[in-house]
Amino acid sequence: MSMWADHAVWWQIYPLGFTGAPPVAQATVVHRLPQLESWLDYAIDLGCNGLLLGPVFASETHGYDTVDHFRIDPRLGDDADFDRLIAQAHARGLRVALDGVFNHVARSFARPEWFRRGGLDTFEGHEQLVALDHSNPEVAQYVGDVVRFWIDRGVDAWRLDVAYAVPPEFWRDALPRDCDSWYFGEMIHGDYAGYVEKSGLDSVTQYELWKAIWSSLNDRNFYELSYALGRHNALLDTFVPQTFVGNHDVTRLATRLEDERHLGHALAILFTVAGVPSVYSGDEQAFRGLKEDRAGGDDAIRPAFPASPDELAPYGRSTYRLHQELIGVRRRHPWLTRARTTVEHLTNESLALRSSHGEESVLLLLNISDEEQRFPLDSTPPVPAHSWELLTSP
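Residues numbered from 1 in each chain as written. Predicted model: local features only at pLDDT ≥ 70, side-chain atom pairs only at ≥ 80, totals over all residues. Heavy atoms only, no water.

The name an unreviewed UniProt entry assigns to the chain is DUF3459 domain-containing protein, from the organism Kribbella sindirgiensis.

A.B. asks: Explain the packing of helix α7 (residues 207-219) against helix α8 (residues 222-235) to me, please; I cannot follow it from the model alone.
C.D. replies: What describes two packed helices is the angle between their axes and the distance between those same axes. With their axes 8 Å apart at the nearest point, α7 and α8 run at an angle of 165° to one another. Classified by the angle their axes make, α7 and α8 are roughly antiparallel. Every pair of crossing elements has a handedness; the one defined by α7 and α8 is left-handed. Across the interface between the two elements, E208, L209, K211, A212, I213, S215, S216, L217 and D219 from α7 touch F222, E224, L225, A228, L229, R231 and H232 from α8. (Axes fitted to C-alpha atoms, helices over the stretch in contact; angles between N-to-C directions. Helix = DSSP H or I, 4+ residues; strand = E, 2+ residues; numbered from the N terminus. Parallel < 35°, antiparallel > 145°, perpendicular 65-115°, else oblique. Left-handed = near helix turned anticlockwise from the far one by under 90°. Contact = heavy atoms within 4.5 Å.)

A.B. asks: Help me out: how do you make sense of the nonpolar core in this one?
C.D. replies: Within soluble globular proteins, side chains that are nonpolar tend to cluster in buried spots. The biggest cluster of nonpolar side chains holds 109 residues, and the ones touching the most others in it are W11, W158 and W171. Residue contributions to this core peak at eight residues, all from helix α4 (residues 137-152). When sequence neighbours within four positions are dropped, the list of residues in contact with W11 reads F18, W39, Y42, A43, L46, C48, G50, L51, L52, V279, S281 and E284. A8, A97, W182 and V240 belong to the second-largest nonpolar core, a separate cluster that totals 13 residues. (Core = buried A, V, L, I, M, F, W, Y, C linked by side-chain atoms within 4.5 Å. Buried < 20%, exposed > 50% of the residue type's maximum accessible area, 1.4 Å probe, protein only.)

A.B. asks: Got a minute to help me understand the sheet that holds strand β2 (residues 50-53) in this structure?
C.D. replies: The pairing of strands in a sheet happens through backbone hydrogen bonds and is either parallel or antiparallel. On the basis of which strands lie adjacent, the open sheet formed by eight strands has the order β11-β10-β9-β5-β2-β1-β13-β12 and parallel pairing. The outermost strands of the open sheet, each flanked by one partner alone, are β11 (203-204) and β12 (242-243). The pairing of strand β10 (residues 182-185) with β11 spans two bridges and is classified as parallel. When the bridges of β11 are listed, F184 appears paired with S203. (Pairing = 2+ DSSP bridges.)

A.B. asks: Quick question: what am I supposed to make of the pattern of salt bridges here?
C.D. replies: Side chains that differ in charge, positive against negative, can pair when their charged atoms come close. In this structure the tally under the stated criterion is 28 salt bridges. With a closest N to O distance of 2.4 Å, D178 and R148 form a salt bridge. On the criterion of sequence distance, the pair formed by D178 in the loop between α5 (168-174) and β10 and R148 in helix α4 is long-range, its members being 30 residues apart. D178 sits in the exposed class, given a relative accessible area of 59%. When its relative accessible area of 28% is taken as the criterion, R148 is described as partly exposed. (Salt bridge = Lys/Arg side-chain N within 4 Å of Asp/Glu carboxyl O.)

A.B. asks: Before we go on, may I ask you to explain α7 in this structure?
C.D. replies: Count 3.6 residues to each turn of an α-helix, and residues three or four apart come out pointing the same way. Taking 1.5 Å per residue as the helical rise, α7 with its 13 residues ought to reach 18 Å, and the 18 Å between its terminal C-alpha atoms agrees with that figure. Of all the 13 residues making up α7, ten are buried; the element is thus mostly covered by neighbouring parts of the structure. Every buried residue belonging to α7 is among Y207, L209, W210, A212, I213, W214, S215, S216, L217 and N218, and all of these are buried. Between a side-chain oxygen at the N-terminus of α7 and the backbone nitrogen of E208 the separation is 3.1 Å; the capping residue is Q206. (Expected span 1.5 Å × (residues − 1). Polar contact = N/O pair within 3.5 Å; in protein donor to acceptor, adjacent residues only side chain to side chain.)

A.B. asks: What's the story with unusual backbone geometry in this structure? I'm lost.
C.D. replies: Trans is the common state for peptide bonds, and a negative phi is the common state for residues other than glycine. One non-glycine residue, R220, adopts positive backbone phi at about 50°. Mapped onto the secondary structure, R220 falls in the loop between α7 and α8. The class for R220 is partly exposed, based on a relative accessible area of 25%. Its identity is not glycine, yet S379 carries a phi of approximately 60°, on the positive side. Within the element layout of this structure, S379 appears in the loop between β16 (360-367) and β17 (387-392).

A.B. asks: Explain the packing of helix α10 (residues 263-272) against helix α11 (residues 317-332) here, please?
C.D. replies: Following both chains from N to C, one finds α10 and α11 inclined at 25°, their axes separated by 9 Å at the closest point. As summarised for this structure, α10 and α11 are arranged roughly parallel, according to the angle between their axes. Seen along the crossing, α10 lies across α11 with a hand that is right-handed. On α11, the residues touching L263, G264, L267, A268, L270, F271 and T272 of α10 are T319, L322, H323, L326, I327 and R330. Of the residues that constitute the contact of α10 with α11, the class distribution is eight nonpolar, four polar and one charged. (Nonpolar A, V, L, I, M, F, W, Y, C, P; charged D, E, K, R; others polar.)

Okay, here's the thing in structure tokens:
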């Protein structure tokens, strides 16, 4: 893994939604990417040092039906807009990651001879998304050329969309290796460590931990989280996972949690266990949104943002400050990226987690019960109902 990635905290944006772009492609160039520039300082104030962008390449609709990987979507702008955004981000010390959609393309993609055949051409039943034939050397060459082209334009990292549907060996052959880029794949299920080893990727998304965090809080069952953290620790023998409690594909955390008092618990877990964490834009303001399995079902979780942070509603400020506080802990204890987490106390509704690396450690006490909890550990304070306490070394 690139050494700089050990210190990365990503702020994720879905540009088409964020900038209020129309849902269907248009030929006229509209310069919406510059809208993101007024949010770069906001991301830094939050504590992030990376900008993780959703699809920016020319597509038919939502960005994941790409028609040209070498061209900025006209709804967002042009090459000059992109180059300026990269320059503005880098001037502030922000790394930039792009969303590489290389499992499938739009049906109107110019090279239909690269489409997968034999009844496996459509991606997960979406007629307008056609899977590429990853056994074709020309496809590997094309993907490598795309990635190289944008790295040469200043891109620092790549999220590889739907990696779980791509043979892992494909990435080992296709991706440029003579650079300092950080590659992480979208893995919802499967053998995370095995995929990383076979693919040569630096990381994959940790959906198992994401699910365990909100599910254990909703069900008042910390045994689920304890089990998931054991598996999470084991992954560190192979790689450092990309961790999150929200992204552009899932119901907003503030909506998912049945008790809003447990939002802080979820965030405290995210920022005190190992991983390369990301924050989905709006989650730091406690935005709400339900993902639905229907046409347009992502709209609620991919809304347009105001022109500048000054126009945000005030109700999200406390959640923003909480993110700042916890990302600050991460900054003061950068070893947390690779820390192992041990469970020192466990009941359905109370949990003590110690994350350690060498001689250093932090202790997180979580209480989601309706009563104050006293933990059977030395020198730990009682934790009020529905509260958490983080004890860190100086």
